[in-house]
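# Residue-level structure breakdown
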Amino acid sequence: TKCESGCVCADGLYENLDGRCVPAEDCPCEYGGLAYGKGEQIQTECEICTCTKGKWKCVQKSKCSSTCNLYGEGHITTFDGQRFVFDGNCEYILAMDGCSVNRPVSSFKIVTENVICGKSGVTCSRSISIYLGNLTFILRDETFTVSGENPGVQYKVKKNALHLMFDIIIPGKYNMTLIWNKHMNFFIKISRETQETICGLCGNYNGNMKDDFETRSKYVASNELEFVNSWKENPLCGDVYFVVDPCSKNPYRKAWAEKTCSIINSQVFSACHNKVNRMPYYEACVRDSCGCDIGGDCECMCDAIAVYAMACLDKGICIDWRTPEFCRKF
């Protein structure tokens, strides 16, 4: 409606992020605050996306995998990306199949056992049980045991300084990679051969996070506590009625927790900030660092930071954040 001074691109040209005028086929694409040039690709667990004329064109991978994270004092990110926190001194089913009424036979079940680890009542995942028919793995006290056998299951166990890793194949059904940091963090990465229904605290793995709070009775719970209570392995355990806020119970620890966890917001992780939203990880770190009040406080804090570092690594960003003075490897 009025003239304004300044420069414009000629017809058929568009301004790119460098301020140059380029044809449409050379327009960049944006993802997570970063610019990607023509033909550049980004990959998620399920898609390969290529930058074409300023827009992402995505192709579904033939095999799609997804990861469920259990870390710290009861933080869970489901296969579909829903986040929640729970406290409970019981065994809970993380993930299993055979959930549908039509196919009630389960080929795997993964159970976490929680124990109290702070005066405020927070819990930590200390023991993981993996049931594969007659084959059982028990992960506890920084090691694992194997009992029974199942000729229908193939598995390999790998170790490094920080993790135990289990590669498990159930032919025709699942490829699973389970990663345990021998303490509080556990990751379940699953690739399915079929659209078998999965259930448990890790959600139903249907691509929709809105219905992840599906209970054992097959209805979507109104809140996460109702959902968590439905997945108790032992029905005699008491229900959880509230989630503890450790920083309110231990206000004297809050300043220390915020200071030590601030490495997540610092320049150390700056290369990852546009790739992975850091705030949920920072908040989880502060909560856990407040809660570990009867020993192991630094270990709780380091575990929480390690989860963000692993999320960055999944996006191709490797952060060298451990030092001999801060969260050393041994």
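Every value quoted in this text rests on a predicted model; they were computed, and no experiment measured them.

### Here's the deal with the overall build of the chain
A tally of regular secondary structure across the chain gives six helices and 20 strands. For the C-alpha atoms alone, the extent of the chain along its principal axes is close to 75 × 55 × 40 Å. Burial status across the chain gives 46% buried among its 330 residues. Restricting to contacts in the chain with at least 6 residues of sequence separation, those with at least 24 account for 48%. The averaged location of the 40 negative side-chain charges in the chain is 3 Å from the averaged location of its 36 positive side-chain charges.

### What to know about the sheet that holds strand β17 (residues 164-170)
What holds strands together in a sheet is hydrogen bonding between their backbones, with the strands either parallel or antiparallel. The strand order across the open sheet formed by seven strands is β10-β9-β8-β19-β18-β17-β16, and the pairing between neighbours is antiparallel. Edge positions in the sheet fall to β10 (83-85) and β16 (154-159), since each has one partner strand and no second. Neighbour to neighbour, the strand axes of the sheet diverge by 15° on average, direction disregarded. The pairing of β17 with strand β18 (residues 174-180) spans seven bridges and is antiparallel. The residue of β18 that forms the bridge with F166 is L178.

### What to know about a nonpolar patch on the surface
Taken together, the side chains of V146, Y155 and V157 define a hydrophobic patch exposed on the protein surface, amounting to about 220 Å² of accessible area. Within the element layout of this structure, V157 appears in strand β16.

### Overview of the side chain of H163
As for its position among the elements, H163 is in the loop between β16 and β17. Every residue in contact with H163, bar those within four places of it in the chain, is listed here: K158, I179, W180, N181, K182 and M310.

### Here's the deal with the packing of aromatic side chains
A full pass over the atoms with the stated rule returns 16 aromatic pairs. Pairing F84 with F86 gives two aromatic rings, centres 6.3 Å apart and planes at 40°, and the pair type is tilted. Just above the ring of Y281 sits the side chain of R83; from NZ or CZ to the centre is 4.8 Å. Against the face of Y205 rests R192, its NZ or CZ located 3.7 Å from the ring centre.

### Quick word on the domain arrangement of the chain
If you check the domain split of the chain, you get domain 1 (13-60), domain 2 (65-230) and domain 3 (246-315). Here domain 1 and domain 2 have C-alpha centroids that lie 36 Å from each other.

### A closer look at helix α5 (residues 279-291)
Compared with the 18 Å implied by 1.5 Å per residue over 13 residues, the 18 Å span of α5 between its first and last C-alpha is a close match. Counting buried positions over the 13 residues of α5 gives 10, a clear majority of the element. Of all the residues in α5, the buried ones are Y281, Y282, A284, C285, V286, R287, D288, S289, C290 and G291.

### Some words on the packing of helix α3 (residues 251-261) against α5
Contact geometry of α3 with α5 gives a least axis separation of 8 Å together with a crossing angle of 140°. One element, α3, and the other, α5, form an angle in the oblique class. Along this stretch, α3 crosses α5, giving a crossing that reads as right-handed. Mapping the contact onto sequence places R253, K254, W256, A257, E258 and C261 in α3 and Y282, C285, V286, S289 and C290 in α5.

### Thoughts on the sheet that holds strand β5 (residues 41-43)
If you trace the three strands from one edge of the open sheet to the other, you get β5-β6-β7, paired in antiparallel fashion. Both edges of this open sheet fall to β5 and β7 (55-60), since each of them pairs with a single strand only. With strand direction ignored, the average angle separating the axes of adjacent strands in the sheet is 25°. Both β5 and strand β6 (residues 47-52) contribute to a ladder of three bridges, which runs antiparallel. Its bridge partner being in β6, I42 is matched across the sheet by C49.

The rules behind the values
Residues numbered from 1 in each chain as written. Predicted model: local features only at pLDDT ≥ 70, side-chain atom pairs only at ≥ 80, totals over all residues. Heavy atoms only, no water. Helix = DSSP H or I, 4+ residues; strand = E, 2+ residues; numbered from the N terminus. Buried < 20%, exposed > 50% of the residue type's maximum accessible area, 1.4 Å probe, protein only. Contact = heavy atoms within 4.5 Å. Lys, Arg positive; Asp, Glu negative; His and termini not counted. Charge placed at Lys NZ, Arg CZ, Asp CG, Glu CD. Pairing = 2+ DSSP bridges. Axes fitted to C-alpha atoms, helices over the stretch in contact; angles between N-to-C directions. Patch = residues over 30% accessible without salt bridge, like charges linked within 9 Å, V, L, I, M, F, W, Y side chains within 5 Å. Areas by Shrake-Rupley, 256 points an atom, 1.4 Å probe, with all protein chains shown as cover. Salt bridge = Lys/Arg side-chain N within 4 Å of Asp/Glu carboxyl O. Phe/Tyr/Trp six-rings, centres within 6.5 Å; stacked < 30°, edge-to-face > 60°. Lys NZ or Arg CZ within 6 Å of the ring centre and 35° of its normal. Domains from an automatic or database assignment. Expected span 1.5 Å × (residues − 1). Parallel < 35°, antiparallel > 145°, perpendicular 65-115°, else oblique. Left-handed = near helix turned anticlockwise from the far one by under 90°.

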